[in-house]
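Take a look at the letters that make up each chain.
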Amino acid sequence: MSAAAVDGPPSSQPPPPPTVESVLHLASRDPSAAVPPLPALPPHALADLLFFLSAASPPNHLSLLPALLSLSPNHSAASAVFSSLLNAPSWPTPTLLAVASLLRDLPAPFRSRVPDCLAKILSLLPSADVQDLPALAYQLLLLASKPLHPRAVLAGLLRFFGSRPVRAPPSIARQVEGTVLMHVAFAVKQDPALAREVVAAVKADAAGVLNGFAVAVLLSVARVRTFKGDAVGVLRDAAATSRRDYRMSRRCKWLPDCLKEESTRTAHCVEKALLKAVDESIGGREHVVPSIVQVGFLLLGASDGDRGEEDGPGEGVMSTGEIGVNMLKSLFEIHEMARTEIIEQCKFRILSAKPQQSAPVLRLLGLLVRSHPFPMVEYVAHLKELLDYFAFMNDKISTGLINCILPLTKFNRDLKVCDFHIIKCFCGYKTSMMIIMEFNFQDYIILVVRKAMFKREDAIRIAATNAIVELIVTESEYRNNEANPLQDSSSQPSSSQLPEIHQEIGGVLFQELSGLLRRCLCQQVRVKMVLYEGLIRIVTSDPAVADSVLDFLWPHFLNYYIEDAECPLKMDSCFKVEDAKVCIVEPLDCLLSCVSCILRVQQNSKCSRPHDAYWKCFGFAPTQDNEDGRSSSRDLFMKGLSNIQKYLRKCLTEDQKGQTQEAGSTSSSLEIVHCNNTGMPGIIEVFVDFAASKLAEASDESKEKLEKEILELVHAHSVFERKTSKNREKVARGRGDLRGAPDRQTNEPKENSNASFPKLHEKRGKFMNSSLYELLVMCVKLCNADNYDKCSQRPSQSKLNQWSSLSSFVLKACLEMFRSLTAKASDVTIGNLRRMMYEDVKKLAQPIVKLIWWLMFDSENGGFKNTTQGKKTVENKRDQLYLALACFKELFKLSVSEDCSSDMIELLISLAPSNIEDMLDADQLLDNDATLTENPENRGTHVFLNILKMLYARALSQSLLRESEAVTELIFGVSRKLHPERRHLVGHWAAGLCRKKTVQNPSTAQEVVKLAVHLMTAPDDMILVHEMATELEKLASGDEDSRDSSEAFLIVNCKTKNSLAAVFLHMVESSLIELEWGLGKLKAMLTLGYGSSNVDEDQPADERMQRLFWEEALYSRSTSVVHVLSSFAHMSLKDSQAEQFLKLTAKFYKLLASMSKSQIAPKGYKQFIPGLKFQKLAEVTCRMLTAPLYNFVKMHQENQQPHKKGTLAKIKRESKCIPDLIFQVEDYEKYLIQLSKLAKMNLLRYAKRSVARDFRIQPKEKAAEEQHEEKSEEEQHEGNSTPVSAASPESDPDEDGEEGQDDPADENLQASSAQPDDAVQDSESDGEEEEMLAQRQRAKTNQMVQDSESDGEEEETFARRKRAKTNQTVQDSESDGEEEEILSRRKRVKRNQIVEDSESDEEAEVE
């Protein structure tokens, strides 16, 4: 047909009918133009068109499919089309686009084909062209917004773009992902329901791995205000959950290694995804920056829970707080627009959050200041606003804030020596102008601190004092730097000029702030102590300022010192009495310690400077009058310390130590004397430290004098400590407060009593490391001399006392310092500072290890036996061994924190005796393992463990309880670093101790058992617990033939059985926590598998294997727990342990019910047969635990008779535990019944039906007969009936009669709970005893509730119980002994039984 004919007038020839060829021709040019002719086609033509369509068809032809399906009645042709498409091995990219666009237009009858087509599209996405991926994603998002299977669409897109990298160059792949993210952001803004589905899809997949694309999608969704909280909450929960799963997987020994590695990989993937989202937030993704800020601060506030040491090494896994800090730090560096928001959020959270929550924000702020100082200068105004609240913050937060922002104060000095153009070159014009305007930041800090100094609260004043000290120290550290980074070499002075300039300018800030510091000398004791410690830091950082500090302290020192007096110290001025309470005014020992340290630092620094150096820096010098005739403060202090030392020496030689303690208030003389005695040990410690500092450089003759003086001072120290102990006891007895009695080990009150005098002798570090080292060397020297005396002759008692006093004194000082350093190291985040702290004290380890070996061998030679030596000497040596082991333990902790544990290991091995291998047992010798001989570090660790084993065994054999606990912690610390197989060997060794060693002390027995169980691998750990619990069952069964101790485990005996039972129950509780976590992970896997099985059939293969591993490990561990609990079910436990056992068992059955429920497939899914591990668990639980559990409950209730008032409270608590336990058991059996029916197998063949009931259900037939008999007998006895109540048919009538008068309900209610086969009723009567018994028998015969077992399904049982409760009388099994409740229960029984009470019965009841 020609074009003219087609375009002719209407009167011309009509167009021919459409054909298949013409429709396809039109569709090739315009698919929309080919749709109108389709209704004119005959049915066979429509079928031909459908058969013509396939995966190889052009996309325009495929677009006709929805219209054809709506017109064609031939379903076989439609099925052929879909089969052809789905069976094709691959689709071209245009076909993918066409099918993705037509799916949303399919007619309703054919939409069941959408999931199959969608799965095919998602599986072919990797083969699609890269440039077409955004278009495909857009079509799929349109399909999801239809809505047609939105969850499947979104899950497939997230999985493809997140787990499979796009096959393209990185720049193109980034552009493709950015375009897809733009489509997602646009779609969620247009369709809120789709945003909700996005959050749900990511949350459902968060149980697996959160990928980077999913994080970017959630950050885009967070820009929608409605879903902001949900989106960022999913990211926070994913990070926190991955950290928690990682820690729990490290904790669960029963988990396979593959699952532990999977948890570690998941944790790494989540943190990489979050950090990757920050790095990729540039180049078109700036819209997610506000969401990243919110997520980062949410992670800062998220808690990781308890991060115990048992979790093992970290393997590079960051905590949630560290992830948040790194995210915000990177964002601050990348995006300038986000900096203001980050600083504002930091300021808001520091001011509004709790101190614990503000600590990570301060860590972030300090990191930003150190890493990006120049950008932070722009926000000095914000920091000033934060400083305005300095006086209203927590003291730790305010001190931490000052420490964070102090590095910015260095610009005060830089601007004085730098040119503006240099700053402009470094940081630009804007920043340079900001620096010029904000250069007085240090002055603003001083102004804020000055205001805070005038507050009344001690904490604020302490924070202000610390701030002043930090300012001066920062100034000194900056001045000590050899070169200024902002200066070039030409602008720096010559090396000959540097010391003079430093001497003239170094202490300017101290001179300026000396007025504020002088105010601290008039404030509370705590403020003074902080000031004295701060002055030592100031002089240590800049020794040139020592003279100025001594000038500052001398006038204050004169208030407590008299130069030419016989007694130079005015001890009475250090205390005052207010309201009959003795208060400390001046910590004189801290003041003397401060002065002594400053003098030694000044002497060691060799920094001599003229006295008027500070005056010269101000431009003038002091007058000649002030210079003449005045001694320096250094000389005055040296003379004063010398006078005090002479006085102490005189007091010691003349035995006049109490001479300075006679003055005081007459009203509280005893307390004044006590305070004086308490303050003297601190003063003595100062002079011991001062004398020890001279030992290193002293000659032999002077060294002997110094050693003699030190021994005398240490002896005086011990004398004053004994006096302090006696005085404290006297003061406590005078008040009638026995809690103030001192403890023998610590010499401190046993409890923090409300004494009127303060605790003066607080633990403060008055010793320098060099002095402690010299004192330890002196102790070792005395030990060697003692060994020589032992070989030649018997040592004198005086030498033993001197050595004992010195060793205890030095070891206590070392332990105090090590513990304080351990606490500081945990707070310090800078690695270099922690390393310096460790290197500072490492040299003290050598003499301590020598003391440990000497004390241990002395114990072997009879030193700890009360034979030739006195009891006091033996106790002192034991205390010294414990202190030495405790010191080594703290040193080992410090070395582990710095990854230097090999230092301590090599030291202990190198100082061991030459015959150490002969001392070790045969099972402790080094085995011939290639891995140990090849790796020297492993070999050293193994030898170290063998030595610790030997020390531990000897400590146990000699009943050194505290020493064994210290060695236990060392073994734990070393074993955590071992491979699990090596750790398991240590656990087996400890298990051997449990079998061979007899331990009578309960706490020591607990430590040995914990050591064995915690170091053994699964399932051997629970097997050991089960074996020991079985032996414990023989002792705790209550049989007359039971022995005093176990034959298999000597550690299990009558003295340790209760403590060991508590340990085993605690281990069961820990296992239940682990099982609960593992069950949650298993449920998440099952839910994810059921949800994704219809989308991607090849995905569940790996997940199915992982789920099988989880199930096998979970059910095996649960079986081990059943074995342990079954042993307790046969024991006769104490009330508290029985209650704990019932609670743990109820919790375990609740977990078992959840496990059984998880085995039941949802509706629409195939039910699989439970695995063998689950079947074994069900069998073992029903046979070994459920059956004995009912007997345990029955016996325990029979043993509980409410004869005492305290028993009622126990019954109340147990009345809550037992019903909950029975309910959980029945709930577990209910799910087992359902699973048995679905899996067509009997999982309850070993189950015993529950008999612990307070009532029984009455069948319908028997109920009708009983009702007829009750009515007939009620008619016969109407008018003569008496009040009846439930009574046990097995109880004695006489006993019932007595209980009817006193407490007629308690015994009957207890009997009803213990013997559920009887129907119990209560009665009262004022007639004759025979008549009362006859009436009670009639009541039993007429109103007994028949008991019947329910043999049907559990649902029918519950229904019958409800009907029985409405038709029959159900008596309570609890009794609280209150008369009002008993009367109300009687009235309820009377009303249900239609029994009228007589007036005589009411009078009898009142009587």
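What counts as what
- Residues numbered from 1 in each chain as written.
- Predicted model: local features only at pLDDT ≥ 70, side-chain atom pairs only at ≥ 80, totals over all residues.
- Heavy atoms only, no water.
- Phe/Tyr/Trp six-rings, centres within 6.5 Å; stacked < 30°, edge-to-face > 60°.
- Buried < 20%, exposed > 50% of the residue type's maximum accessible area, 1.4 Å probe, protein only.
- Lys NZ or Arg CZ within 6 Å of the ring centre and 35° of its normal.
- Patch = residues over 30% accessible without salt bridge, like charges linked within 9 Å, V, L, I, M, F, W, Y side chains within 5 Å.
- Areas by Shrake-Rupley, 256 points an atom, 1.4 Å probe, with all protein chains shown as cover.
- Salt bridge = Lys/Arg side-chain N within 4 Å of Asp/Glu carboxyl O.
- Lys, Arg positive; Asp, Glu negative; His and termini not counted.
- Charge placed at Lys NZ, Arg CZ, Asp CG, Glu CD.
- Helix = DSSP H or I, 4+ residues; strand = E, 2+ residues; numbered from the N terminus.
- Axes fitted to C-alpha atoms, helices over the stretch in contact; angles between N-to-C directions.
- Parallel < 35°, antiparallel > 145°, perpendicular 65-115°, else oblique.
- Contact = heavy atoms within 4.5 Å.
- Left-handed = near helix turned anticlockwise from the far one by under 90°.
- Nonpolar A, V, L, I, M, F, W, Y, C, P; charged D, E, K, R; others polar.
- Expected span 1.5 Å × (residues − 1).

**Side note on the packing of aromatic side chains**
Piece 1. Under the definition given, this model contains 18 aromatic pairs.
Piece 2. Both rings, one in Phe557 and one in Tyr561, keep their centres 5.1 Å apart while their planes meet at 25 degrees; by these two values the pair is stacked. When sorted by exposure, Phe557 lands in the same class as Tyr561, which is buried.
Piece 3. Ring geometry for Phe1148 and Tyr1149: centres 6.4 Å apart, planes at 65 degrees, overall edge-to-face. The same class applies to Phe1148 and to Tyr1149, which are both buried.
Piece 4. Aromatic rings pair up to connect Trp554, Phe557, Tyr561 and Phe637 into one cluster.
Piece 5. The cationic tip of Lys384 hangs over the ring face of Tyr444; the distance from NZ or CZ to the ring centre is 5.1 Å.
Piece 6. Across from the ring centre of Tyr773, 5.6 Å away, lies the NZ or CZ of Lys843, which sits over that ring.

**Considerations on a positive patch on the surface**
Piece 1. Together, Lys189, Arg223, Arg225 and Lys228 give the surface a local cluster of positive charge.
Piece 2. Looking at where Lys189 falls in the secondary structure, it is placed in helix α12 (residues 170–190).
Piece 3. According to the relative accessible area criterion, Lys189 is exposed, its value standing at 56%.

**Things to note about the pattern of salt bridges**
Piece 1. Scanning all chains against the criterion turns up 28 salt bridges.
Piece 2. Of the charged contacts, one joins Glu1027 and Arg995 as a salt bridge, the two residues approaching to 3.4 Å between their closest N and O atoms. Residue Glu1027 is found in helix α50 (residues 1020–1036), and its partner Arg995 is found in helix α48 (residues 980–996); the two are separated by 32 residues along the sequence.
Piece 3. For Arg995, a relative accessible area of 34% puts it in the partly exposed group.
Piece 4. Here the salt bridges do not stand alone but share partners, grouping Glu177, Lys276, Glu280 and Arg285 into one network.

**A short note on the packing of helix α19 (residues 339–352) against helix α22 (residues 380–387)**
Piece 1. At a minimum axis separation of 10 Å, α19 and α22 run at an interaxial angle of 5 degrees. Put simply, α19 runs roughly parallel to α22. Every residue of α22 that contacts α19 at Thr340, Ile343, Glu344, Lys347, Ile350 and Leu351 is listed here: His382, Glu385 and Leu386.

**A look at the packing of α22 against helix α23 (residues 395–405)**
Piece 1. Following both chains from N to C, one finds α22 and α23 inclined at 160 degrees, their axes separated by 12 Å at the closest point. Taken together, the axis directions place α22 and α23 in an arrangement best described as roughly antiparallel. Two packed elements cross with a definite hand, and for α22 against α23 that hand is left-handed. Within the contact between the two elements, α22 uses Leu383, Leu386 and Leu387 and α23 uses Leu401, Ile402 and Ile405.
Piece 2. Within the contact of α22 with α23, the residues separate by chemical class into six nonpolar, no polar and no charged.

**A short note on α12**
Piece 1. Spanning 21 residues, α12 covers 30 Å between terminal C-alpha atoms, matching the ideal 30 Å at 1.5 Å per step.
Piece 2. Taken residue by residue, α12 has Ala173, Val176, Glu177, Val180, Leu181, His183, Val184, Ala185, Ala187 and Val188 as its buried positions.

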